[in-house]
Amino acid sequence: NDLRFSDNELIDYLRHEQNRVISEFGLNIQEFVFTQGEVEINLPSECLCFKLAKCGEKKLPLVTYQEFLENSNRDLCVYAKNLKTYCLNKEAPREVKIYLSLSSHILEEKDDLSLENIFVNYLVLKVIKNLLLTETNTNNLQKIELYEALIRQDRNELIAILNRGREKRNFITKYIKI
């Protein structure tokens, strides 16, 4: 094929697809803490997915900025001002922990991926598919179908691996161990 890409274009494709994979599988989860009296946290990069907020053992709801503006007197909750700023609607009686899936930045060739090794093949397949989409001809369309099938297969395998790692494997009953 006659497709040619600069390093910057390839890095841009990698960054974009890596963030989509992070979002899709809920990866790159980081913990942030609102100390007592603090009501706003600025994140180092964009939040792709809100996972959980806790004040002690109590889970706190995430509300939209609009919901916060309409009813700022509600019980303690978390809202996002934008993708890089999360806030509490009022001071918490103790520290509040929030867990967020953050985007990752690849700016140059020497930067490392934020994904674990098991996701690299999936990422590469997605990048190749998107590279083929830049020029549509019958040859590329056939290749795209092949890559879509490989992506679906790899995604299903990753989901199975993640499920095995996150779920209990043995169920013990009174009578039998399955």
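Because the structure is a prediction, the values reported are computed rather than measured.

About the thresholds
- Residues numbered from 1 in each chain as written.
- Predicted model: local features only at pLDDT ≥ 70, side-chain atom pairs only at ≥ 80, totals over all residues.
- Heavy atoms only, no water.
- Helix = DSSP H or I, 4+ residues; strand = E, 2+ residues; numbered from the N terminus.
- Core = buried A, V, L, I, M, F, W, Y, C linked by side-chain atoms within 4.5 Å.
- Buried < 20%, exposed > 50% of the residue type's maximum accessible area, 1.4 Å probe, protein only.
- Contact = heavy atoms within 4.5 Å.
- Pairing = 2+ DSSP bridges.
- Polar contact = N/O pair within 3.5 Å; in protein donor to acceptor, adjacent residues only side chain to side chain.

1. A few points about the environment of R152
Next up, step 1: By the element assignment, R152 lies in helix α4 (residues 138–166).
Next up, step 2: Sequence separation between R152 and Y122 is 30 residues, and the spatial gap between their C-alpha atoms is 9.1 Å.

2. Topic: the nonpolar core
Next up, step 1: If you look at the biggest cluster of nonpolar residues, it comprises 18 residues, and the most contacted ones within it are L43, V78, Y86, V96, I98 and L100.
Next up, step 2: Those elements that place two or more of their residues in this core are β1 (29–34), β3 (47–55), β7 (85–88) and β8 (96–102).
Next up, step 3: Aside from chain neighbours lying at most four places away, what touches I98 is Q30, E31, F32, F34, L52, A53, V78 and Y86.
Next up, step 4: Ranked by size, the runner-up nonpolar core spans 17 residues in total, among them F119, L131, L132 and L162.

3. Looking at the sheet that holds strand β2 (residues 40–42)
Next up, step 1: With respect to topology, 4 strands assemble into an open sheet ordered β2-β7-β6-β5, the strand pairing being mixed. Looking at which strands have only one partner, the edges of the open sheet turn out to be β2 and β5 (62–63).
Next up, step 2: Where strand β6 (residues 78–82) meets β7, 4 bridges bridge the pair, whose relative direction is antiparallel. The partner of Y79 across the bridge, within β7, is C87.

4. Some words on the side chain of S104
Next up, step 1: Position of S104 among the secondary structure elements: in the loop between β8 and α3 (120–132).
Next up, step 2: Engagement of the side chain of S104 in a polar contact is seen with the side chain of Q18, the distance being 3.2 Å.
Next up, step 3: A polar side-chain atom of S104 sits 2.3 Å from a polar atom in the side chain of S114.
Next up, step 4: Apart from residues no more than four positions distant in its own chain, S104 is found in contact with R15, Q18, N19, I22, N28 and S114.

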